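Summary of the model geometry
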Amino acid sequence: MAGLQGKRILLGVSGSIAAYKAAEWTRELVKEEALVQVILTEAAERFVPALTFAALAGTSVHRDMFADDPEGMMAHINLSREADALLIAPATAQTIARLAAGMADNLLSAVVLAARIPVLICPAMNSAMFNHPATQDNIRRLRQFGYRVLQPGCGGLACGEVGDGRLPDWDEAREALLSLFAPTDLRGIKVLITAGPTREAIDPARYLSNRSSGKMGFALARTAMRRGASVTLVAGPVALADPPGMEVLRVESAKEMAECVFARSAQCRVIVKAAAVADFAVEAAAEHKIKKTGTGLQLDLVKNIDILAELGSRKGPRQILVGFAAESREHLQEGTRKLQEKNLDLIVINDILGAHSGFDVDTNQVTLLDQNGSQEIPLLSKEDTADRIWDAVCALLSSAGEKRSG
Ligand code: PMT
């Protein structure tokens, strides 16, 4: 099942101006086909009426421990039993204090106290309230309980001040939510991923490049992060925003990508090269824009360094090196050749001629090839494909561990 589809999310909203953003989040969750139940505190309802959430979630909203429970069905216990995760957004200083004290004096706090499901808390408040030692102590306590508490964003607040206290972005909350459901088999593993194309300058206005959008590499970075890895993403020029929670380094040319990767590769246990690195660069890029004189233009190209092959020759005994192969024919032969020649542990072969695989599209169809043989992966979203790649990497990591201890 992809993303949040089918996940039963219990959304607890407390009284902050950011409650209107929780209404937007409800919409995002429903768009992803999550099943949303909403609990509003009394203060939340002053900011956004229950009807708004009911209309967006497509179900009635829970507000009151007793009014919601006319038949004595114990709503405060059952609501979390029927959910996969509890998301509290926005969580005000008051709600955070209530939860840290283990109180059960409204429906939301009673539900949290009775919950045996993962809890994700997204604070939003004035920055002085957030930075107050009482709130900081309460947040520490919530983390000790095993709840995941996101750091609020920094910026202009509704009160007119600038500082910490903004509700985190939906993208960040979504990632944190997904990580609650992901395996933690990459926890503590340092991973370096490259993504996107490189650009090789012809003159200040023009360049040579390719059709890579970065979607595959970014999907690998997001999914690795959810599975607990510490991720460095080296990205060529792409239109995608930095995924939250990781180190993102933007580069332009193959030379820049090589320098950036080589400076970090020795510290990484797993390296995945999903980038479509330009094989050639213009020997001497023109300093000024080339004029349209004459009948044509001759460009002298030189071969770029093969970053992956170089990583293969430097590979440490504990490192796992994964390459990609963008192929339009003889996929398996070409993949096998690259696996051997570049000293890889795994190669991901994608068919770049398939209408739904390879460059730019949101899906991919790949074959995974290692020393033990090949495995065909069906057409999946790039995120699901990325998860299959991490499954294969985890198998390699554990067999490497077994070999060492055996
Ligand atoms: O970015 P998307 O739009 O989502 O598209 C994804 C993708 C098709 C770009 C991606 O899945 C993919 O196949 N990436 C590798 C593209 C490529 O350069 O393939 P290749 O067969 O030419 O190179 C083989 C491997 O060597 C790759 O891992 C590549 O990163 C690496 N390489 C190649 C040349 C070079 N100079 N240095 C390298 O490190």
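Residues numbered from 1 in each chain as written. Predicted model: local features only at pLDDT ≥ 70, side-chain atom pairs only at ≥ 80, totals over all residues. Heavy atoms only, no water.

Considerations on the overall build of the protein chain
A tally of regular secondary structure across the protein chain gives 14 helices and 21 strands. C-alpha atoms of the protein chain, sized along the principal axes, occupy 80 × 60 × 40 Å. Partitioning the intrachain contacts of the protein chain with sequence separation of at least 6 by distance along the chain shows that 66% fall at a separation of at least 24. Here the protein chain displays about 19,800 Å² of accessible surface, and carbon together with sulfur accounts for 50% of that area. The averaged location of the 49 negative side-chain charges in the protein chain is 3 Å from the averaged location of its 45 positive side-chain charges. (Helix = DSSP H or I, 4+ residues; strand = E, 2+ residues; numbered from the N terminus. Contact = heavy atoms within 4.5 Å. Areas by Shrake-Rupley, 256 points an atom, 1.4 Å probe, with all protein chains shown as cover. Lys, Arg positive; Asp, Glu negative; His and termini not counted. Charge placed at Lys NZ, Arg CZ, Asp CG, Glu CD.)

Points about the domain arrangement of the protein chain
The domains assigned to the protein chain are domain 1 (8-181) and domain 2 (190-405). Each of domain 1 and domain 2 has a C-alpha centre, and the two are 39 Å apart. Taken together, the contact pairs 6 residues of domain 1 with 4 residues of domain 2. The largest share of the area that domain 1 buries against domain 2 comes from Asp171, Glu175 and Ser179, three residues that together contribute 70% of it. (Domains from an automatic or database assignment. Buried area = accessible area lost by both parts, 1.4 Å probe.)

Topic: the pairing of strand β16 (residues 320-327)
Each regular strand displays side chains that alternate between the two surfaces of the sheet. Counted residue by residue, β16 has 7 buried out of 8 residues, so it is predominantly covered. Bridge analysis of strand β13 (residues 270-273) against β16 gives 4 bridges, and the strand direction is parallel. Looking across to β16, one finds that Val272 is bridged to Val322. Here β16 runs beside strand β17 (residues 346-351); their pairing, made up of 6 bridges, is parallel. For Ala325, the partnering residue across the bridge sits in β17 and is Ile349. (Buried < 20%, exposed > 50% of the residue type's maximum accessible area, 1.4 Å probe, protein only. Pairing = 2+ DSSP bridges.)

Describing the site of the ligand
Close to the ligand lie 27 residues, the nearest being Ser212, Ser213, Lys338, Asn350 and Asp360. Between Ser212 and the ligand, the recorded distance is 2.6 Å, taken from a side-chain N or O atom to an oxygen atom. The contact in question runs from an oxygen atom of the ligand to an N or O atom on the side chain of Asn350, over 2.6 Å. In isolation the ligand exposes 770 Å². Once the protein is present, 95% of that is buried. Of the pockets mapped on this structure, the ligand occupies the largest pocket. Contributions of two or more residues to the shell around the ligand are made by α10 (215-226), α12 (307-314) and β16. Examining the composition of the shell around the ligand, we find that 4 residues originate from one element, β16, more than from any other. Among the residues making up the shell around the ligand, the classes are represented as 13 nonpolar, 6 polar and 8 charged. (Near = heavy atom within 4 Å. Polar contact = N/O pair within 3.5 Å; in protein donor to acceptor, adjacent residues only side chain to side chain. 1 Å grid on protein atoms, 1.4 Å probe; cavity = no way out; pocket = protein on both sides within 12 Å on 5 of 7 lines; lining within 4 Å. Sits in = over half its atoms within 2 Å of the grid points. Nonpolar A, V, L, I, M, F, W, Y, C, P; charged D, E, K, R; others polar.)

Section: the packing of helix α1 (residues 19-31) against helix α3 (residues 50-57)
Between α1 and α3, the least distance of the axes is 9 Å, while the angle of their chain directions is 15 degrees. In terms of orientation, α1 lies roughly parallel with respect to α3. Here α1 and α3 pass one another in a crossing that is right-handed. For the pair α1 and α3, contact is made by Ala19, Ala22, Ala23, Thr26, Arg27 and Val30 and by Thr52, Phe53, Leu56 and Ala57, respectively. Its residues placed into classes, the contact of α1 with α3 shows 7 nonpolar, 2 polar and 1 charged. (Axes fitted to C-alpha atoms, helices over the stretch in contact; angles between N-to-C directions. Parallel < 35°, antiparallel > 145°, perpendicular 65-115°, else oblique. Left-handed = near helix turned anticlockwise from the far one by under 90°.)

Examining unusual backbone geometry
Backbone torsion omega between Ala89 and Pro90 reads -10 degrees, so that peptide bond is classified as cis. Inspection of the secondary structure puts Pro90 in strand β3 (residues 85-91). We note that Glu33 has phi near 65 degrees; this positive angle belongs to a residue other than glycine. Mapped onto the elements, Glu33 comes out in the loop between α1 and β2 (35-40). On the accessibility criterion, Glu33 (48% relative accessible area) is partly exposed. Its identity as a non-glycine residue notwithstanding, Asp360 has a phi of 70 degrees, on the positive side. Structurally, Asp360 can be placed in the loop between β17 and β18 (363-364).

Topic: the environment of Ile193
Along the chain, Ile193 turns up in strand β8 (residues 190-195). Given the relative accessible area of 0%, Ile193 is considered buried. For the pair Ile193 and Gly217, spaced 24 residues apart in sequence, the C-alpha to C-alpha distance is 6.7 Å. Residue contacts for Ile193: discarding those within four places in its chain leaves Gly217, Leu220, Ala221, Ala224, Val231, Thr232, Leu233, Val234, Val272 and Trp390.

Topic: the packing of aromatic side chains
For the structure on display, the rule yields 2 aromatic pairs. Aromatic pair Trp25 and Trp170: ring centres 5.4 Å apart, planes at 50 degrees, arrangement tilted. Taken together, the residues Trp25 in helix α1 and Trp170 in helix α9 (residues 170-181) connect sequence positions 145 residues apart. Like Trp25, the residue Trp170 is buried in the burial classification. When the ring of Phe145 is compared with that of Tyr147, the centres are 5.8 Å apart and the planes differ by 75 degrees; the resulting orientation is edge-to-face. What makes Tyr147 buried here is its relative accessible area of 17%. (Phe/Tyr/Trp six-rings, centres within 6.5 Å; stacked < 30°, edge-to-face > 60°.)

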